[in-house]
Amino acid sequence: MKLTDEVAKALQNCVEGLGSIAELSRRTGVRIELLSRYLDRQTKSIEQDTWGQLYPLIKPYLNSPNSQSTMPKVIGSPARMHHDMVSLNCDEKILLDAFAALSPENQQKFLAEVLKQAEAELAAKRSSM
């Protein structure tokens, strides 16, 4: 993905909307150092995986000439509260968000089902050794 002026401006406006580059990094899992390079235009492109992580948050800031003044600041608790978001891939982040949307009862049912399936797969691997 080419790092255009529009994308760089959208990134800057997103950082301002979130309050800091650290918050954008935390929410997307993209390293602060890499975000800084994009903001300072020290690179000409964004890797596709990285773009996939950034796009959902900067999308509202794209194609809007006055986006800085029309986009509200993010208020309240962060969308994701995981201790190590940087090391998670996109699918793991989606799973965390989907899990958080479940009721506590359904979370417990889901966890029990996943643990049961994982134990069955582990037992199958052990028996095949």
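These remarks concern the structure in this document. (Residues numbered from 1 in each chain as written. Predicted model: local features only at pLDDT ≥ 70, side-chain atom pairs only at ≥ 80, totals over all residues. Heavy atoms only, no water.)

A few words now on the overall build of the protein chain. Along the protein chain, the regular secondary structure elements total seven helices and zero strands. Starting at the N terminus and ending at the C terminus, the protein chain contains elements arranged as α-α-α-α-α-α-α. Restricting the contact set of the protein chain to residue pairs at least 6 apart, pairs at least 24 apart contribute 58%. About 8900 Å² of surface is accessible on the protein chain, with carbon and sulfur atoms providing 56% of the total. (Helix = DSSP H or I, 4+ residues; strand = E, 2+ residues; numbered from the N terminus. Contact = heavy atoms within 4.5 Å. Areas by Shrake-Rupley, 256 points an atom, 1.4 Å probe, with all protein chains shown as cover.)

Helix α2 (residues 21–28) packs onto helix α1 (residues 5–18) with a crossing angle of 100 degrees between their chain directions and a minimal axis gap of 7 Å. One finds that α1 runs roughly perpendicular with respect to α2. Seen from α1, the contacting residues are Leu 11, Cys 14, Val 15 and Leu 18; seen from α2, they are Ile 21, Glu 23, Leu 24 and Arg 27. For the contact of α1 with α2, the residue count by class is six nonpolar, no polar and two charged. (Axes fitted to C-alpha atoms, helices over the stretch in contact; angles between N-to-C directions. Parallel < 35°, antiparallel > 145°, perpendicular 65-115°, else oblique. Nonpolar A, V, L, I, M, F, W, Y, C, P; charged D, E, K, R; others polar.)

Geometric descriptors of this kind do not, in isolation, establish any biological role.
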